[in-house]
Amino acid sequence: MDGDRVEIDGGIMEGGGQILRVSTALSCLLGLPLRVRRIRAGRSQPGLRPQHLSGLEMVRDLCDGKLNGGEIGSTEITFTPGKIKGGTHIADTKTAGSVCLLMQVAMPCVLFAASPSELHLKGGTNAEMAPQIDYTVMVFKPIVEKFNFTFNCDIKRRGYYPQGGGEVVLQLSPVKELSPINLTERGTVTKIYGRAFVAGALPIKLAKDMSAAAVRCIRREIRDLYINIQPVREPDDQAVGTASGIIIVAETSTGCLLAGSSLGKRGKNADKVGIEAAEMLLQNLKHGGTVDDSLQDQLIIFMALAKGVSRVKSGPITLHTQTAIHFAEQLTKAKFTVTKSEEENPGNDTYIIECQGMGMINPNL
């Protein structure tokens, strides 16, 4: 069997956990035994962190697979997938490791399961270096559902750095196949909305300050639109720990959603958090693409699995996206092309990501 393992170098390109997530999910879906070496070699603390390990263990359990080398700090694993089944599964990072990254590895797999799935994902809901759960619900969900599936994401409890303790329940029914998407028309921005939150020991005034600073910043560029960023204090029984942050979403006439977000931390004033998120949003609006930097790479695996040609217009291609494309092509029969988009004014740095998907068919349905 060992001769047939697909060998993955986890240290190239982005060199982080994303390589592990994309290749493990595809290994599970395609029934390909996998060996990943040099895991997260590009990171200051290489090897598996709790969040990566709990994601791997969940995928192993989802498909009755075998995982070797599954220990914290391990830089090499082998994974042998079995048949994907539905049902209830729990992944607990026991840290503030991101539940959204757990979702990234599990979701493509359960779409092609034999029966509906309920995933209980535990860890950090609003973590650095990962999409916030609010981003997942407000931006990722409505766009990824254009591939012709739906899921339910219930935020039971929010959990923050350093202890985590959040829980999100994901419910999803399997599909026969995924439809391709065509996201090439930006349209005009029709509304801007969001939420600025505080939790734990922080006063609501901080949320109001973040929101006000963000609105002032956006107003300098976009004058005539109503901007509604709600300041929220998370209920104590639904949040573990103390934290603050903000997410701002711009919706366009063609249904595109682009966002900017930021998290508070000790010593960083509330205005700065609000301005950071606003500037990120404005940056994402400036390039003229239909997706923001955070969504770009998350769509790649679905484009690769879909039946037919998907096209997405984006801003500059991130290293995460290049990495996802590289491993999706290595493991599936999908073919990607990235071309500079010419129709815009030449000053815009926009690209068309096109993918001839492999047309994965769910063998269980």
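Residues numbered from 1 in each chain as written. Predicted model: local features only at pLDDT ≥ 70, side-chain atom pairs only at ≥ 80, totals over all residues. Heavy atoms only, no water.

As annotated in an unreviewed UniProt entry, the protein chain is RNA 3'-terminal phosphate cyclase from Erithacus rubecula. Turning to the protein chain, the UniProt record has this under Sequence similarities (unreviewed entry): "Belongs to the RNA 3'-terminal cyclase family. Type 1 subfamily." (UniProt positions renumbered as here; feature names shortened; annotations may be inferred.)

For the rest of this paragraph, the subject is empty space enclosed by the protein. Scanning the entire structure with this criterion turns up three cavities of 30 Å³ or more. By volume, the largest cavity amounts to about 140 Å³. Contributing to the lining of the largest cavity are 14 residues, with V22, Q104, D297, Q298 and I301 lying nearest its centre. Contributions of two or more residues to the lining of the largest cavity are made by α1 (17-30), α3 (99-111), α7 (293-298) and α8 (300-305). Tallied by class, the residues present in the lining of the largest cavity amount to nine nonpolar, three polar and two charged. In this structure, the second largest cavity encloses a volume near 80 Å³. Around the second largest cavity sit L20, R21, T24, Q51, H52, G55, L56, L101, L102 and V105, which together line it. Listed by contribution, the elements that provide at least two residues to the lining of the second largest cavity are α1, α2 (50-62) and α3. The greatest single-element share of the lining of the second largest cavity, amounting to four residues, is contributed by α2. Per-class residue counts for the lining of the second largest cavity are five nonpolar, four polar and one charged. (1 Å grid on protein atoms, 1.4 Å probe; cavity = no way out; pocket = protein on both sides within 12 Å on 5 of 7 lines; lining within 4 Å. Points joined across faces, edges and corners; volume = space filled by probe spheres on them. Helix = DSSP H or I, 4+ residues; strand = E, 2+ residues; numbered from the N terminus. Nonpolar A, V, L, I, M, F, W, Y, C, P; charged D, E, K, R; others polar.)

Take the sheet that holds strand β11 (residues 227-233) next. Strand order in the open sheet formed by four strands is β11-β10-β13-β14, with mixed pairing between adjacent strands. Edge strands, defined here as strands with exactly one partner in the open sheet, are β11 and β14 (257-263). Averaged over all pairs of adjacent strands, the angle between their axes in this sheet comes to 15 degrees, without regard to strand direction. Relative to β14, strand β13 (residues 243-252) runs antiparallel, the two being bridged by seven bridges. Note that in β14 the partner of I247 across the bridge is S261. (Pairing = 2+ DSSP bridges. Axes fitted to C-alpha atoms, helices over the stretch in contact; angles between N-to-C directions.)

The mixed open sheet is built from four strands, whose spatial order is β1-β2-β4-β3. The open sheet has two edge strands with one neighbour each: β1 (6-9) and β3 (66-68). Strand-to-strand, the axes of this sheet are offset by a mean angle of 15 degrees, without reference to chain direction. Bridge count between strand β2 (residues 34-37) and strand β4 (residues 77-80): three bridges; the pairing is antiparallel. Opposite L34, over in β4, you have F79 as the bridge partner. Its contacts with the sheet place α1 against β1, β2 and β4, and it is angled at close to 170 degrees to β2. Seen against the sheet, α2 touches β3 and β4 and runs at an angle of roughly 150 degrees to β3. (Contact = heavy atoms within 4.5 Å.)

Here the focus is the environment of V6. Secondary-structure assignment places V6 in strand β1. Using a relative accessible area of 18% as the deciding quantity, one classes V6 as buried. In the structure, V6 is positioned 324 residues away from Q330 in sequence and 9.2 Å away in space, judged by C-alpha atoms. The residues contacting V6, other than those within four sequence positions of it, are L32, P33, L34, R35, Q330 and L331. (Buried < 20%, exposed > 50% of the residue type's maximum accessible area, 1.4 Å probe, protein only.)

The subject of this paragraph is the pattern of salt bridges. Under the criterion given, the structure shown has 25 salt bridges. We note a salt bridge from R43 to E14, for which the minimum N-O separation is 2.3 Å. With a gap of 29 residues between them, R43 in the loop between β2 and α2 and E14 in the loop between β1 and α1 connect regions that are remote in the sequence. Among the residues examined, E14 registers a relative accessible area of 7% and is labelled buried. Ionic contacts of the salt-bridge type, sharing partners, join the residues E7, R35, R37 and E76 into one network. (Salt bridge = Lys/Arg side-chain N within 4 Å of Asp/Glu carboxyl O.)

This next bit is on the UniProt feature "active site" (unreviewed entry) in the protein chain. UniProt's entry tags H320 with the feature "active site" (unreviewed entry), counted in the numbering of this structure. By secondary structure assignment, the location of H320 is in helix α9 (residues 319-331). Beyond its immediate stretch of four places on either side in the chain, H320 contacts E14, Q18 and D297.

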